[in-house]
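In case you want the letters, here they are:
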Amino acid sequence: MTILTSADTIAANFSNPAAPPPAAFGPSNPFYASSTLPFKVPPFDKIKDEDFQPAIEAGMAEQRAEIEAIADNPEAPTFDNTIVAMERSGQLLDRVMAAFNCVTGANTNPTLQNVQTAEAPRLAAHEDFIYLNTKLFARVTAIYEHRGSLTLDPESIRLVERYHDRFVHAGANLSEADKTELKKLNEEASSLSTAFINKLRAATKEGAYVTADKAALAGLSGDRVAAAEHAAQSRNQEGFVIPLQNTTQQPDLVSLSDRVTRQAIFEHSWNRTERGDANDTRDLIARLAQLRAQKAKLLGFPTFAAWKIEDQMAKTPQAALQFMDAIVPSATAKAEHEAHDNQAIIDAQHGGFQLQPWDWNYYAEQVRKARYDLDDAEVKPYFELDNVLENGVFYAATQLYGLTFKERHDLPVYHPDVRVFEVFDSNGKHLAIFYCDYFKRDNKNGGAWMSSFVEQSRLLGNLPVVYNVANLPKPAEGAPALVSFTDVTTMFHEFGHALHGMFSDAQYPMLAGTSTARDFVEFPSQLNEHWALYPAIFAHYAKHYKTGAPMPEELAERLRKAEGFNKGYAMTELLAAAELDMQWHMLPADTSLQTSDEFEKLALEKTHLQISYVPPRYRSTYFSHIWGSDGYSAGYYAYLWTQMLADDGYQWFLDQGGLTRTNGDRFRQMILSRGNTQDLAKIYESWRGAPPNTKAMLKYRGLEDSGPSK
Ligand SMILES: [Zn+2]
């Protein structure tokens, strides 16, 4: 049994929790039996939109029966008849949800959205049925209390502990009345999350900047103008369309020279969910924050954050806050120096205005050019997507772990842009299947992510089938996909997650692969980012798409130096978002509904992050990580926490001789293959030889001192 609640899965319609009319579910449904395709990959060539709902319903019914049989088993509870039996349950539901989560995140449509809306409250209730089941909890508790005297291996003991904690965390200890109350809160919260996702998707689409005037796009490269024209055509609109990305800052602001256009695009982004229309999310998030605080109180915690962080590596909100508070002064001091540099250019050009957030990237790019003479357009020809993937991302995995990759055209995909690779271990044996879906689409959620179609498990005999999704700009027809170095980094990042999934060597699915803690799971991915600039890797992929010539060393050197640039801004916008998340989730249960804009302003002031020209990376009202699901609520700090782990960990590699098979194999064996089979702080410490600290992080992020930026 794997966890149902991956990001964007749980959605709900509180007003309609009733079962849908019974739909036919039989052998003709492609989810009916385990996939007969190699490695049990989903049969996307046979899956139709209308197949999902009956399979989800049947999957819940099947697991419900399995769980009831376990709970009602007349035999005394044992590890096998209770814990292992639960791990074996719900395989149909896992199968359908893995495919459903993928297409609703990466390739959705109104039919799928309706299924999501209808099924979400039922999936939430299904999870409650399991984790609030009194008889089942009693069996788990009996095993938990005697685990010391059972002859179980360490991974099995860990599994017992995880199940027990999960029941307690979900409220299994509550009275029946409180359980009913909790179910109500969960259902309303999950319905609000679905509404949030749908509003945000629509708001992001509608927030696109549209112009008929090509002159407004002055400064954009020919490729970007063509892409804007193409975006307009695909929406049946005249002129040019610049779609919004999920973050506050928009990539084209780097090159747009017309300040009016920049301001317009920025404001479209900043206000996308605050326009007083149907997609305004201000009231929604205020209610959601209140519901979460009430839920935490019911479960015996002072705040939602305390409840949420209990099972994380940080363990308490205070530990996470202290970690962040300690970085704020270095980050903001650095950002202030960078702002000064930007203002100096504005003044030198007799701009006659004060730096605003929509100016930041445009002038920062000029500082970057002046200081490093580096132009994004100059480096992009060296980063052609396929080449980056095969000679960079894959190559690094070959050097470190001995992996090899072969593209497969025989396995069905859910969209023509998706590519599939078979991954072989160093001994030539099959290791995993890897899918990648890199290009932006309007029916894809923003950002980039990794997930699994099949999670590795020795118990179930499953080998990993994993995928990466991103939103890289799709080139105009016939043009090469030239990406920025930021996009290159995203590819390495997501592939770091993929490696965590592919190397998984766990007995039990619940403890496999990336099923770890939020403040650990971004560690392998952020560590993998470091290889993008590692000399032997970089030289192997950074080649001109036309001539194949390597990037001149002099340009590569400027690129590396420029990577340390603007880090004050980057760290500050992340800290601001992470603090907003934490402040929203530290509200006590009796707080009245907050006025979103006012709350946001005060939260940033309180944490010394209210800086006019460095807005948070996500504004509260379009912060999908924290409202779209429970996933990263009170957990956005984890991105920074795991930066600390990744930088500290990379330092270990450098200290041990860098990119070697010996280092890679040790990392694979002690970290990547372990999933959540042991305490994560202990896993880290035994691999690293010491607990993590921020020393390498401050060095790699250019925050060692608060002197003038170099
Ligand atoms: Zn990640």
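Residues numbered from 1 in each chain as written. Predicted model: local features only at pLDDT ≥ 70, side-chain atom pairs only at ≥ 80, totals over all residues. Heavy atoms only, no water.

Caption draft 1: Region of the structure containing the overall build of the chain. Counting secondary structure elements, the chain contains 26 helices and seven strands. What you see for the chain is a C-alpha radius of gyration of 25 Å, in line with the 27 Å of a compact globule of 710 residues. Dimensions along the principal axes, computed over C-alpha positions, put the chain at roughly 85 × 60 × 50 Å. A buried classification covers 59% of the 710 residues belonging to the chain. Across the chain, every contact between residues at least 6 apart in sequence was considered, and the portion connecting residues at least 24 apart equals 77%. When the accessible surface of the chain is summed, it comes to about 27,600 Å², and 52% of that surface belongs to carbon and sulfur atoms. For the chain, the separation between the mean place of its 68 positive charges and that of its 91 negative charges on side chains is 2 Å. (Helix = DSSP H or I, 4+ residues; strand = E, 2+ residues; numbered from the N terminus. Rg over C-alpha atoms; globule rule 2.2 N^0.38 Å. Buried < 20%, exposed > 50% of the residue type's maximum accessible area, 1.4 Å probe, protein only. Contact = heavy atoms within 4.5 Å. Areas by Shrake-Rupley, 256 points an atom, 1.4 Å probe, with all protein chains shown as cover. Lys, Arg positive; Asp, Glu negative; His and termini not counted. Charge placed at Lys NZ, Arg CZ, Asp CG, Glu CD.)

Caption draft 2: View of the nonpolar core. Core analysis: the largest hydrophobic core is formed by 159 residues, its most contacted members being Phe383, Phe434, Phe495, Met502, Phe523 and Tyr541. In this structure, Phe495 is in contact with Val393, Phe394, Ala397, Phe405, Phe434, Asn468, Met502 and Asn528, ignoring residues within four places of it in sequence. (Core = buried A, V, L, I, M, F, W, Y, C linked by side-chain atoms within 4.5 Å.)

Caption draft 3: Region of interest: the coordination of the zinc ion. Coordination of the zinc ion by the protein comes from His493 (NE2), His497 (NE2), Glu522 (OE) and Glu522 (OE), over a distance range of 2.0 to 2.7 Å. Summarised as a motif, the one-chain spacing of the donors to the zinc ion is H-x3-H-x24-E. Taken together, the positions of His493 in helix 16 (residues 485–502) and Glu522 in helix 17 (residues 518–529) put the pair 29 residues apart, joining distant regions of the chain. The same class applies to His493 and to Glu522, which are both buried. (Donors = N, O, S within 2.8 Å, 3.2 Å for Na, K, Ca; no water.)

Caption draft 4: Molecular detail of the side chain of His497. Summarising the element assignment, His497 is placed in helix 16. Looking at His497, its side chain comes within polar contact range of the side chain of Glu522, at 3.0 Å. If sequence neighbours within four positions are ignored, His497 has contacts with Met450, Thr514, Val521, Glu522 and Ser525. (Polar contact = N/O pair within 3.5 Å; in protein donor to acceptor, adjacent residues only side chain to side chain.)

Caption draft 5: Inspection of the pattern of salt bridges at higher detail. Scanning all chains against the criterion turns up 45 salt bridges. In this structure, Arg282 engages Glu274 in a salt bridge whose closest nitrogen and oxygen atoms are separated by 3.6 Å. The salt bridge involving Arg275 is made with Asp277; its shortest N-O contact spans 3.7 Å. We classify Arg275 as partly exposed; its relative accessible area is 41%. By relative accessible area, which is 29% here, Asp277 ends up partly exposed. Several salt bridges converge on common partners, so that one network encompasses Glu274, Asp280, Arg282, Asp597, Glu600 and Arg619. (Salt bridge = Lys/Arg side-chain N within 4 Å of Asp/Glu carboxyl O.)

Caption draft 6: Layout of the packing of aromatic side chains. This model, assessed by the stated rule, comprises 54 aromatic pairs. On the basis of an interplanar angle of 65° and a centroid distance of 5.4 Å, the ring pair of Phe44 and Tyr414 is categorised as edge-to-face. Taken as a pair, Phe44 in the segment before helix 1 (52–71) and Tyr414 in the loop between strand 3 (404–407) and strand 4 (419–424) lie far apart in primary sequence, 370 residues in all. When sorted by exposure, Phe44 lands in the same class as Tyr414, which is buried. An aromatic cluster is built from Phe520, Phe523, Trp531, Tyr534, Tyr650, Trp652, Phe653, Phe667, Tyr684, Trp687 and Tyr700, whose rings are joined through pairwise contacts. The positively charged end of Arg259 is found above the aromatic ring belonging to Phe353, 3.6 Å away from the centroid. Geometry around Tyr362 places Arg262 over its ring, the cationic atom sitting 4.3 Å from the centre. (Phe/Tyr/Trp six-rings, centres within 6.5 Å; stacked < 30°, edge-to-face > 60°. Lys NZ or Arg CZ within 6 Å of the ring centre and 35° of its normal.)

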